[in-house]
Amino acid sequence: MTIPRRGLLVRALRGFAAFWWDFLVGDTPEIFVAALVTVAVVALLRVMGHENAAAVVALPLLAIVALTISIRRAQRASRGR
Amino acid sequence: MVAVTVSSSVVVVVGAVFLATAVEMVEALTIVLAVGHTRGWRSALEGASVALVSLGVLVAMLGPALARVPLTPLRLVVGGVLLIFGLQWLRKAILRSGGLKERHDEDAKYREVVAAMTSAGASPRRDRIAFVMAFKGVFLEGLEAVVAVLTLGTSAHRLALAVLVAVGAVLVVAVAGAAVARQLTSVPENLMKMGVGILLVSYGTFWTGEGVHVRWPAGDVTLMGLVALYVVVTMALVAMVRREVAGSGRGVPAR
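None of these values were measured; they are calculated from a predicted model. (Residues numbered from 1 in each chain as written. Chains lettered and ligands numbered in written order. Predicted model: local features only at pLDDT ≥ 70, side-chain atom pairs only at ≥ 80, totals over all residues.)

Below, the discussion takes up the overall build of chain A. Of the regular secondary structure elements, chain A holds three helices and zero strands. Listed N to C, the secondary structure of chain A is α-α-α in terms of helices and strands. Here the C-alpha radius of gyration of chain A, 19 Å, is well above what a compact globule of 81 residues would show, namely 12 Å. For chain A, the spread of C-alpha atoms along the principal axes amounts to about 60 × 45 × 10 Å. Across the 81 residues that make up chain A, the buried fraction comes to 25%. (Helix = DSSP H or I, 4+ residues; strand = E, 2+ residues; numbered from the N terminus. Rg over C-alpha atoms; globule rule 2.2 N^0.38 Å. Buried ≥ 20, exposed ≤ 12 C-beta atoms within 10 Å, placed from the backbone.)

As structure tokens, this is what we get:
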């Protein structure tokens, strides 16, 4: 009885993990990495350096850079086809 | 005289939740219409209804749990998730507007589902295939809307409002869908997705900042400034992609 239950649990956990992987990373890992880097940089600026003004500018700027890099990547991929 | 104050964050929550839910429901409606037309309405509507109830249960279960998480870490995590989610939506919308990616074609999706349903053989009175197809269509499309409702609603402390707006969007799409029937291509889906992307990235930026104790210069009003900034950037990136597509003579290569 316990084996099927465990199997069901493993399947459910795998499905849950796969949903979040697909949702957050999917075919744009660069956006996922860029978002993590953005959060880390802004947290460092704000929490360690107390640089509020720099954090206010850096946050949207890094998001824009991430979007531009991802678009350029898609353009390059399209050129390669 | 009653003075009503609506903060910028509420406007953005309402706009983002409504647009995100509406876009996802248009996609779900295409599937339900295709299943209903080919295999009968009873099972299609039952599948769609059960999926909507399941999505509601998900919100009812997770919403109060998320509301208990302290606000600062919640906003940091939600801000990060919204930033990723919003940038993904915006990227797709920009590539579609620029002509580098196929636009979402509801007619093609409709034909695809009709072909699959027709090849599944004759439909009995209680049609399991139709039920499962409609359920899957609505549930899977609705999951992204649920994420938007939960993240935006709990972080803004407006979960009830977010749920109401989402329910409103479902009703609007259902009524409009019944009226226009199969002419779902007339819905400006890409423009709506672009709007959702801009709102999600704006909120993601704002809350990520709040999560690491950034003091925004104009408080909540900064959100409107972020929306304006991302609109300008989006337009510039669309123009950049269009220039490249026009220059190379390439059109819409792949999804």
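The interface is formed by 29 residues belonging to chain B together with 27 residues belonging to chain A. Of all the secondary structure elements, the ones that give two or more residues to the side of chain B that touches chain A are helix H3 (71-98), helix H7 (189-211) and helix H8 (222-248) of chain B. Element by element, the count of residues in the side of chain B that touches chain A is highest for H3 of chain B, at nine residues. For the side of chain B that touches chain A, a count of residues per class yields 19 nonpolar, six polar and four charged. (Contact = placed C-beta atoms within 7 Å. Nonpolar A, V, L, I, M, F, W, Y, C, P; charged D, E, K, R; others polar.)

Counting 94 residues, the largest nonpolar core has Ala-16, Val-17, Val-32, Val-35, Ala-134 and Val-149 of chain B as its most contacted members. Not counting chain neighbours up to four residues away, the residues in contact with Ala-16 of chain B comprise Ala-148, Leu-152, Val-196, Leu-199, Leu-200 and Tyr-203 of chain B. (Core = buried A, V, L, I, M, F, W, Y, C linked by C-beta atoms within 7 Å.)

Moving on, we get to the confidence of the model for chain A. Mean pLDDT for chain A: 86, with 93% of residues reaching 70 or above. Confidence, expressed as mean pLDDT per element, reaches its minimum in chain A at helix H1 (residues 2-24) of chain A with 79 and its maximum at helix H3 (residues 52-80) of chain A with 91. (pLDDT = per-residue confidence, 0-100.)

Residues and elements named next belong to chain B. Residues other than glycine seldom take positive phi values, yet His-157 does so here, at roughly 60 degrees. Of note, His-157 is situated in the loop between helix H5 (128-155) and helix H6 (159-180). Even without a glycine there, the phi angle at His-213 is positive, about 65 degrees. Inspection of the secondary structure puts His-213 in the loop between H7 and H8. Judged by the 15 C-beta atoms lying within 10 Å of it, His-213 falls in the partly exposed class.

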